[in-house]
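A closer look at the structure
One letter stands for each residue in the lines below.
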Amino acid sequence: MKRKILFVCLGNICRSPAAEGVLKAAAGRKGLSDKIAVDSAGTYGGHAGQLPDSRMRSAAARRGYDLTHRARQITEEDFIDFDMIVVMDDMNYESVSRLAPERRYLDKLYRFAEFCGRHPQWSHVPDPYYEGREGFELVLDLLEDGCEGILEKMADE
């Protein structure tokens, strides 16, 4: 049975599609591609249909990730369809938790930073949209760390 994971940020053009690409690549390297299904979404729908931000695509490409996801907004149905919904920051957590069709679905909701082992000083994945190149690199560092943590959690279950 595949484990279905949804990453969520604000616009679904930087952090969450990058997390999707990083987790798919990490799972592929570990031979786990057939064990997971990964998608991403945003709490804001204004970027629907767009590719990830060009700066994020460039930063990801330098690390070997190909980000081809098209932005979409999270829906109530995502709570039913996905096993884990992983948000990038507290604002996303609040927005997504209010969208849950029933309180029992909140058990599927996680903060991405919970899975970061090498970056315990970060309680969230910062939005790099208004940052320079360093912001995108930091986000990718955090995503690589947390995606490894997600795969470790899956292995322990």
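You'll find the structure just up there.
The structure reproduced in this document is the subject of the present report. What you see is a predicted model, and the numbers here were worked out from it, not measured in a lab. (Residues numbered from 1 in each chain as written. Predicted model: local features only at pLDDT ≥ 70, side-chain atom pairs only at ≥ 80, totals over all residues. Heavy atoms only, no water.)

Right, let's talk about the packing of aromatic side chains for a bit. Applying the stated criterion across every chain yields a total of 4 aromatic pairs. A centroid spacing of 6.4 Å and a plane angle of 65° characterise the contact between Phe79 and Tyr105, whose relative ring orientation is edge-to-face. Within this pair, whereas Phe79 is found in helix α3 (residues 77-81), its partner Tyr105 is found in the loop between α4 (90-99) and β4 (109-111), the two being separated by 26 residues in sequence. Here Phe79 matches Tyr105 in class, with each residue buried. We note Arg111 situated over the ring of Tyr93; from NZ or CZ to the ring centre the distance is 3.7 Å. (Phe/Tyr/Trp six-rings, centres within 6.5 Å; stacked < 30°, edge-to-face > 60°. Helix = DSSP H or I, 4+ residues; strand = E, 2+ residues; numbered from the N terminus. Buried < 20%, exposed > 50% of the residue type's maximum accessible area, 1.4 Å probe, protein only. Lys NZ or Arg CZ within 6 Å of the ring centre and 35° of its normal.)

Before going further, it helps to spend a moment on the sheet that holds strand β3 (residues 84-87). Across the sheet, 4 strands lie side by side as β2-β1-β3-β4; this open sheet has parallel pairing. Looking at which strands have only one partner, the edges of the open sheet turn out to be β2 (36-42) and β4. On average, each strand axis in the sheet is inclined to that of its neighbour by 25°, with strand direction left out of account. As judged from the 3 bridges shared by β3 and β4, these two strands associate in the parallel manner. Residue pairing across strands places Val86 opposite Tyr110, the latter belonging to β4. (Pairing = 2+ DSSP bridges. Axes fitted to C-alpha atoms, helices over the stretch in contact; angles between N-to-C directions.)

Neither face of β3 is open: one carries Met84 and Val86, the other Ile85 and Val87, and all of them are buried. Across 4 bridges, strand β1 (residues 3-9) lies against β3 in parallel orientation. Bridge pairing in β3 links Leu6 to Ile85. Handedness of the β-α-β unit built from β3, α4 and β4 comes out right-handed. (Right-handed = clockwise from strand over helix to strand, strands pointing away.)

Moving on, we come to the side chain of Lys108. Relative to the helices and strands, Lys108 resides in the loop between α4 and β4. For the buried Lys108, no salt bridge is present, and the opposite-charge side chain at shortest range is Asp83, 5.3 Å distant. Here Phe79 takes part through its backbone oxygen, which lies 2.5 Å from a polar atom of the side chain of Lys108. In contact with Lys108, other than residues within four places in its own chain, are Phe79, Ile80, Phe82, Asp83, Met84 and Ile85. (Lys, Arg positive; Asp, Glu negative; His and termini not counted. Salt bridge = Lys/Arg side-chain N within 4 Å of Asp/Glu carboxyl O. Polar contact = N/O pair within 3.5 Å; in protein donor to acceptor, adjacent residues only side chain to side chain. Contact = heavy atoms within 4.5 Å.)

Scanning the model with the defined rule gives 14 salt bridges in all. Close ionic contact of Asp90 with Arg111 constitutes a salt bridge, the shortest N to O distance being 2.8 Å. Of the two residues, Asp90 is situated in helix α4 and Arg111 in strand β4; the sequence distance between them amounts to 21 residues. Here Arg104 makes a salt bridge to Glu102, at a shortest N to O gap of 2.8 Å. Judged by relative accessible area, Glu102 falls into the partly exposed class, the value being 40%. If you follow the salt bridges from partner to partner, you end up with Arg62, Arg63, Glu137, Asp141 and Glu144 in one network.

It is worth spelling out the packing of helix α1 (residues 15-29) against helix α5 (residues 133-156) at this point. Between α1 and α5, the least distance of the axes is 9 Å, while the angle of their chain directions is 50°. Classed by the angle they form, the pair α1 and α5 counts as oblique. The way α1 lies across α5 gives a crossing that is right-handed. In this structure, α1 contributes Arg15, Ala18, Ala19, Val22, Leu23, Ala26, Ala27 and Arg29 to the contact, and α5 contributes Val139, Leu140, Leu143, Glu144, Cys147, Glu148, Ile150 and Leu151. (Parallel < 35°, antiparallel > 145°, perpendicular 65-115°, else oblique. Left-handed = near helix turned anticlockwise from the far one by under 90°.)

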